[in-house]
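Listed here are the chains, written in short residue letters.
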Amino acid sequence: MTNETAAFDRAPQAMFLLEQAMEYAYPAALRAAAVTGIADHLADGPKTTEELARITGAEAQKLYRTLRLLATRGVFREVEQGRFELTGTAEYLRTDVPLSVRAAVMMITSKAMWLSTGELAGNLRGGADGISFESLFGKTIWEHWCRDLPPEEEFHTGMMSMTEPEIQDPVRSYDFPEGATVVDVGGGYGGVLIPVLRGNPTLRGILYDQEHVLAKHRLTELGADDRWETVPGDFFDKCPEGDVYLLKYITHNWDDARAVRILRNCRKAMKPGGRVLLFDMVIPPGNSPHPGKLMDVIVMAIYPGRERTEEDFRRLLADAGLRLTRIINTTSYLSTIEAVAA
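Residues numbered from 1 in each chain as written. Predicted model: local features only at pLDDT ≥ 70, side-chain atom pairs only at ≥ 80, totals over all residues. Heavy atoms only, no water.

Digging into the nonpolar core
To keep it simple, the criterion reads: To qualify as a nonpolar core, a set must consist of buried Ala, Val, Leu, Ile, Met, Phe, Trp, Tyr and Cys residues joined through side-chain atoms within 4.5 Å. Any residue under 20% of the maximum accessible area for its type is buried, any over 50% is exposed, and the rest in between are partly exposed; the area is computed with a 1.4 Å probe on protein chains only. A run of H or I in DSSP becomes a helix once it reaches four residues, and a run of E becomes a strand once it reaches two; helices and strands are each numbered from the N terminus. Contacts are assigned to residue pairs with any non-hydrogen atoms lying within 4.5 Å of each other.
Trp145, Phe176, Val182, Val196 and Leu246 are the most contacted members of the largest nonpolar core, which totals 44 residues. Here this core takes 6 residues from helix 11 (residues 155-172), the largest share from any one element. What Val196 contacts, discounting residues up to four positions off in sequence, is Val171, Phe176, Val182, Leu203 and Leu246. One finds Ala259, Val260, Leu316 and Leu324 within the second-largest nonpolar core, a separate group that totals 29 residues.

Examining a nonpolar patch on the surface
Basically, it comes down to this: Here the term patch refers to residues with relative accessible area over 30% and no salt bridge, with like charges joined within 9 Å and nonpolar side chains (Val, Leu, Ile, Met, Phe, Trp, Tyr) within 5 Å. Residue burial considers only the protein chains on display, and all accessible areas are found by Shrake-Rupley using a 1.4 Å probe. Salt-bridge detection follows one rule: a side-chain nitrogen of Lys or Arg within 4 Å of a carboxyl oxygen of Asp or Glu.
A cluster of nonpolar residues, Tyr24, Trp114, Leu115, Leu136 and Phe137, forms a patch on the protein surface that exposes about 480 Å² of accessible area. Within the residue set of the nonpolar patch, elements represented by two or more residues are helix 7 (111-118) and helix 9 (132-137). Topologically, Leu136 is positioned in helix 9. Residue Leu136 is classed as partly exposed on the basis of its relative accessible area, which comes to 41%.

Quick word on unusual backbone geometry
The backbone of Leu99 shows a phi angle near 70°, a positive value even though the residue is not glycine. Topologically, Leu99 is positioned in the loop between strand 3 (83-85) and helix 6 (102-108). One non-glycine residue, Tyr249, lies in positive phi territory at about 50°. For Tyr249, the location among the structural elements is in the loop between strand 7 (242-248) and helix 14 (256-269). The class for Tyr249 is buried, based on a relative accessible area of 4%.

From the geometry alone we can't say anything about function, so treat these as descriptive.
So this is what it looks like as structure tokens:
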């Protein structure tokens, strides 16, 4: 085999890597569509890029090229030259539909996450404590998100948008005990507690988070419902008394020592017969793609935490005085990890 023949045979593999290196253009295009509200403007039917440009203030040719890329993934559809319509997927970029993920898309692609993940190589050399975000911005991600931020970077609004579709099946597939008090630990604006209480009329709920977060909670969406209360506090210090503790994407924010501290506080406050439910991604073994492997790299860049395997969760819970009883896989990429007192 000549050198020329060998190079020809190997070229597709090299080209695959080049294509992978250009993939960041897709989330950039997705963000641009979210920020300019293209999906909302197509809600009443297809429009040309010239029409959309007049509405949004964009430049028509650049907008066309952006939507053309998104259409290759089924986000929008070009029905004729330069004329686009919503697809079933693009519907969820609208602001006025149930399960809208527009705010989540803007949060995930915000500068805080985008730039930090782009500095992953430096993160790898930073040791166990190296976090790209802190190197870039000189503060922790929590300090950043405590500030008044523009809507496209508002963390808890983005997390509420992200949680709504993620949590539907995990909540629906779990058999909550009748009459229990559930505590949503670090629950933000109530994205987990709201569907739990809606689906389980005998439960009472406590939304537990810092006071400035609770000031913007959305539990009033439950209507005239007196089954909930908000309790301000710090989960590193203590947790309110309850029967069931809900922690969605909480342990993944923290290293093992601090995650154990949070879980121990749940264990101390838990009533006899209580349980802890972690709604998290569980990293499977092997080389197969999994959203948790993507999330883990993003987490590495902005938090001191990580995504974990089943065995990781088993050890973490044991260190907190808890015993993993089962992992319930759902149609969501989130699993329900159930634990009881050891």
